[in-house]
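Per-entry structural report
Residues per chain are reported as follows:
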Amino acid sequence: MADSQKTLLITGASRGIGHATVRRFNREGWRVVTVSRTPCAPECPFASPENHLMLDLSDAADTVNAVGVLQEMLGGRLDALVNNAGVSPKGPEGERLNTMNTDLMTWGKVFHVNFFASVVLARGLKDELAAAKGSVVNITSIAGSRVHPFAGAAYATSKAALAALTREMAHDFGPLGVRVNAIAPGEVETSILSPGTDKIVEKLPMRRLGQPEEVASAIYFLCSQESSYISGTEIEVNGAQHV
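Numbers given to residues run from 1 along each chain, matching the order in which its sequence is written. Since the coordinates come from a predicted model, pLDDT governs what is reported: local features require at least 70, and pairs of side-chain atoms require 80 or more to be given and counted, while whole-chain, interface and lining totals use all residues. Calculated side-chain values reflect all of the structure's heavy atoms, with hydrogen atoms and water omitted.

1. As for the sheet that holds strand β1 (residues 7-11)
Rules: Strand pairing is defined by DSSP finding a minimum of two bridges between the two strands. Numbering of helices and strands runs from the N terminus, with a helix taken as a DSSP run of H or I at least four residues long and a strand as a DSSP run of E at least two residues long. Axis lines are fitted to C-alpha atoms, over the contacting stretch for helices. Their N-to-C directions set the angle, which ranges from 0 to 180 degrees.
Here seven strands make up an open sheet; going across it, the order is β3-β2-β1-β4-β5-β6-β7 and the pairing parallel. Because the sheet does not close on itself, it has two edges, and the strands there are β3 (52-54) and β7 (234-237). The sheet shows a mean angle of 15° between the axes of neighbouring strands, taken without regard to direction. Pairing of strand β2 (residues 31-36) with β3, which is carried by three bridges, proceeds in the parallel orientation.

2. Remarks on the pattern of salt bridges
Heads up, the condition is: By definition here, a salt bridge exists when the distance from a side-chain nitrogen of Lys or Arg to a carboxyl oxygen of Asp or Glu is within 4 Å. Accessible area is worked out with a 1.4 Å probe on protein chains only. A residue is then buried under 20% of its type maximum, exposed over 50%, and partly exposed in between.
In the structure shown here, the tally under the stated rule is four salt bridges. Residue Arg24 pairs with Glu28 through a salt bridge whose shortest N-O separation is 3.0 Å. Among the residues examined, Glu28 registers a relative accessible area of 36% and is labelled partly exposed.

3. Here's the deal with the packing of helix α1 (residues 16-27) against helix α7 (residues 212-223)
What counts here: For classification, angles of less than 35 degrees are called roughly parallel, those exceeding 145 degrees roughly antiparallel, those between 65 and 115 degrees roughly perpendicular, and all remaining angles oblique. Helix crossings are classified by the rotation of the near helix relative to the far one: an anticlockwise turn of less than a right angle makes the crossing left-handed, while a clockwise turn makes it right-handed. A contact between two residues is defined here by any heavy atoms of the two lying within 4.5 Å. Think of it as three bins: nonpolar holds Ala, Val, Leu, Ile, Met, Phe, Trp, Tyr, Cys and Pro, charged holds Asp, Glu, Lys and Arg, and polar takes everything else, Gly as well.
The contact between α1 and α7 brings their axes to 8 Å, and the two run at 55°. Between α1 and α7, the angle is such that the two are oblique. Two packed elements cross with a definite hand, and for α1 against α7 that hand is right-handed. Contacts between α1 and α7 pair Gly16, Ile17, Ala20, Thr21, Arg23, Arg24 and Phe25 from the former with Pro212, Glu213, Val215, Ala216, Ser217, Ile219, Tyr220 and Cys223 from the latter. Split by residue class, the contact of α1 with α7 holds nine nonpolar, three polar and three charged.

4. Regarding the side chain of Glu128
Note the following rule: Charge convention: Lys and Arg are scored as positive, Asp and Glu as negative, and His as well as the terminal groups of each chain are ignored.
Counting through the fold element by element, Glu128 comes out in helix α4 (residues 126-132). The side chain of Glu128 is buried and forms no salt bridge, while Lys126, the nearest opposite charge, is found at 7.9 Å. Setting aside residues no more than four positions away along its own chain, Glu128 makes contact with Gln71, Leu74, Gly76, Arg77 and Leu78.

5. Quick word on the environment of Asn26
Turning to its location among the elements, Asn26 is positioned in helix α1. Of the residues examined, Asn26 reaches a relative accessible area of 31% and is grouped as partly exposed. Note: C-alpha distance between Asn26 and Leu8 (18 residues apart in sequence) is 9.3 Å.

6. Details of the nonpolar core
Note on soluble globular proteins: their nonpolar side chains tend to be buried together. We apply this condition: Within this scheme, the nonpolar core is defined by two criteria: the residues are buried Ala, Val, Leu, Ile, Met, Phe, Trp, Tyr or Cys, and they are joined through side-chain atoms within 4.5 Å.
Counting residues in hydrophobic clusters, the biggest one holds 34 residues, and the most contacted among them are Leu9, Leu70 and Leu81. Ranked by residues supplied to this core, first place goes to helix α3 (residues 104-124) with seven residues. Non-local contacts of Leu81, meaning those with residues more than four positions away in its chain, are made with Leu9, Leu121, Ala122, Leu129, Ser135, Val136 and Val137. Residues Ala13, Val137, Val215 and Leu222 belong to the second largest nonpolar core, which totals 21 residues.

7. As for helix α2 (residues 60-74)
Note the cut-off: Expected helix span is given by 1.5 Å per residue-to-residue step, counting one fewer step than there are residues. Each residue is assigned a bend, namely the angle between axes fitted to the seven residues that terminate at it and the seven residues that start at it. Between N or O atoms, a polar contact is any pair within 3.5 Å; within protein, one atom must be a potential hydrogen donor and the other a potential acceptor, and residues adjacent in sequence are included only when both atoms are from side chains.
When the terminal C-alpha atoms of α2 are compared, their 21 Å separation across 15 residues agrees well with the 21 Å that a helix rising 1.5 Å per residue should span. In the structure, α2 departs most strongly from a straight axis at Val67, where the bend amounts to approximately 30°. The set of residues buried in α2 consists of Thr63, Ala66, Val67, Leu70, Met73 and Leu74. The inward-facing, buried residues of α2 abut β1, β2, β3, α3 and α4. Residue Asp59 occupies the N-cap position of α2, its side-chain oxygen lying 3.2 Å from the main-chain nitrogen of Ala61. Backbone geometry just downstream of α2 places Gly75 in the positive-phi region, at approximately 70°.

See below:
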């Protein structure tokens, strides 16, 4: 790896917004270290087995233990950490899980993946981020600020907590020269979409779904020097759905 090459570490890298982000940073010449529950797909030209860690972020002990492995992979420097992994469980018939019918085990799993893993990784890799004067981007959601017809209560509250965490981390990591921001996507065309999303799209000001590449572009902006004085903010990428 050339000394000048920048490094991205991204969770939830195997599909959707994560995969689009891998493609974008790869195209910009970055080294991309990927983390997901599945092995590195051999047919994927954008990721490589030596830069991939298979990890289930719902397992707290495994996530903590993975920090040392990632430190070895990174070699002392990390320019960008993107906490993208997220789970949004549904009921047996695909229905929304609310505060009444979400069991405690499900709450715990959702928060471990969507919230606690971001704390563990950022804190565990703070020295590597500081060495690069790097950037952290947390992927939140429009569901974190309003009741969503499909995203459940555990998902929504975990994303709201992640938005608050972004502010806290921006405050704490700022003295290290590390910026921390969030991206809040709305209805983006990925496999996580639920049937009936077309009804939401009809009411969006822009009248269309977002594309994963559009979210990836916003993530790249927050990891680049173009955003060098932006920290502690949450950017809505939702076609004005939040207005």
